[in-house]
Amino acid sequence: KQEVTQIPAALSVPEGENLVLNCSFTDSAIYNLQWFRQDPGKGLTSLLLIQSSQREQTSGRLNASLDKSSGRSTLYIAASQPGDSATYLCAGAGGRGSQGNLIFGKGTKLSVKP
Amino acid sequence: NAGVTQTPKFQVLKTGQSMTLQCAQDMNHEYMSWYRQDPGMGLRLIHYSVGAGITDQGEVPNGYNVSRSTTEDFPLRLLSAAPSQTSVYFCASSYNYDSKTWGYEQYFGPGTRLTVT
């Protein structure tokens, strides 16, 4: 069964710092991986989707990579801002037993200090 | 497009009561799903649907019922509410469910916060 892990669970950085959030998955037969942002008390906002045939995707200051062979994805945030403070979730679709549904990690809570 | 909408936003139930959480999407998406989010547990799949008339169970289906009579709507029914069903419920949708072309983004609704006393 696919399992998704995110480390660290929480991260605090000063404004302007570049940072990397990590996501690992146990089954390399993943179809795609999606990164979400969740603000307190709110829903999930999709940030980036990486298909299994791709290695990375970029949107503005965000860059996500996918390495199926090592079972890892990273979300790189450049020049962090206080407005980036939120919980970041990664979720993989596919893998044996998942029937293509999203399997979520528990998230990394990011705090960017002014 | 309104995207994925959910009603109500908040609900308090007494143990044993039943209710339906509503979910609708206006993007003509074939795939819809329900998740619950609990502290320390993350998001877990309850039920999903790959098209009108087709539903299946996810990881935590007990105590919940679904049906999909139209492409747009995917309601979640709590048959007899229990305190263990206190959670935040999210509905999501995606263009399709083709396992060979899993390149489609999933979109989430704003959630329903349910408390069962």
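Residues numbered from 1 in each chain as written. Chains lettered and ligands numbered in written order. Predicted model: local features only at pLDDT ≥ 70, side-chain atom pairs only at ≥ 80, totals over all residues. Heavy atoms only, no water.

### Description of the interface of chain B and chain A
Next up, step 1: Of the residues lining the interface, 24 residues belong to chain B; the matching set on chain A comes to 21 residues.
Next up, step 2: Between chain B and chain A, roughly 1,700 Å² of surface is buried when both sides are summed, and carbon and sulfur atoms account for 50% of that area.
Next up, step 3: The interface formed by chain B and chain A includes zero salt bridges.
Next up, step 4: For the pair chain B and chain A, the interface holds six residue pairs in polar contact (both at pLDDT 80 or more).
Next up, step 5: Those elements giving two or more residues to the side of chain B that touches chain A turn out to be β4 (31-38), β5 (42-51), β6 (54-57) and β10 (106-108) of chain B.
Next up, step 6: If you tally residues by element for the side of chain B that touches chain A, the top one is β5(B), at four residues. (Contact = heavy atoms within 4.5 Å. Buried area = accessible area lost by both parts, 1.4 Å probe. Salt bridge = Lys/Arg side-chain N within 4 Å of Asp/Glu carboxyl O. Polar contact = N/O pair within 3.5 Å; in protein donor to acceptor, adjacent residues only side chain to side chain. Helix = DSSP H or I, 4+ residues; strand = E, 2+ residues; numbered from the N terminus.)

### Topic: the pairing of strand β11 (residues 112-116) of chain B
Residues and elements named next belong to chain B.
Next up, step 1: The two faces of β11 differ: Thr112, Leu114 and Val116 on one face are buried, but Arg113 and Thr115 on the other face are not.
Next up, step 2: Direction of pairing for strand β2 (residues 10-13) relative to β11: parallel, over a ladder of four bridges. If you follow phenylalanine 10 over to β11, its bridge partner there is arginine 113.
Next up, step 3: Summarising the sheet, strand β9 (residues 87-94) and β11 pair through three bridges and their orientation is antiparallel. Across the sheet, the residue bridging to serine 87 is leucine 114, located in β11. (Buried < 20%, exposed > 50% of the residue type's maximum accessible area, 1.4 Å probe, protein only. Pairing = 2+ DSSP bridges.)

### Remarks on the environment of Asn32(A)
Residues and elements named next belong to chain A.
Next up, step 1: For asparagine 32, the position within the fold is in strand β4 (residues 30-38).
Next up, step 2: Given the relative accessible area of 1%, asparagine 32 is considered buried.
Next up, step 3: Measuring from C-alpha to C-alpha, the distance between asparagine 32 and glutamine 54 comes to 8.9 Å, with 22 residues separating the pair along the chain.

### Quick notes on the confidence of the model for chain A
Next up, step 1: For chain A, mean pLDDT is 92; residues scoring 70 or higher make up 95% of the total.
Next up, step 2: Per-residue pLDDT, averaged within each element of chain A, yields its smallest value for strand β10 (residues 102-104) of chain A (90) and its largest for strand β11 (residues 108-113) of chain A (98). (pLDDT = per-residue confidence, 0-100.)

### So, the packing of aromatic side chains
Next up, step 1: If you walk through the whole model with that rule in mind, you get seven aromatic pairs over all chains.
Next up, step 2: Relative to Phe108(B), the ring of Phe36(A) lies with its centre 5.3 Å away and its plane at 80°, an arrangement referred to as edge-to-face. Separated into two different chains, Phe36(A) in strand β4 and Phe108(B) in strand β10 make up a pair that spans both. Judged on exposure class, the residue Phe36(A) and its partner Phe108(B) are both buried.
Next up, step 3: These aromatic residues form a ring-pair network of at least three members: Phe36(A), Phe104(A), Tyr35(B) and Phe108(B). (Phe/Tyr/Trp six-rings, centres within 6.5 Å; stacked < 30°, edge-to-face > 60°.)

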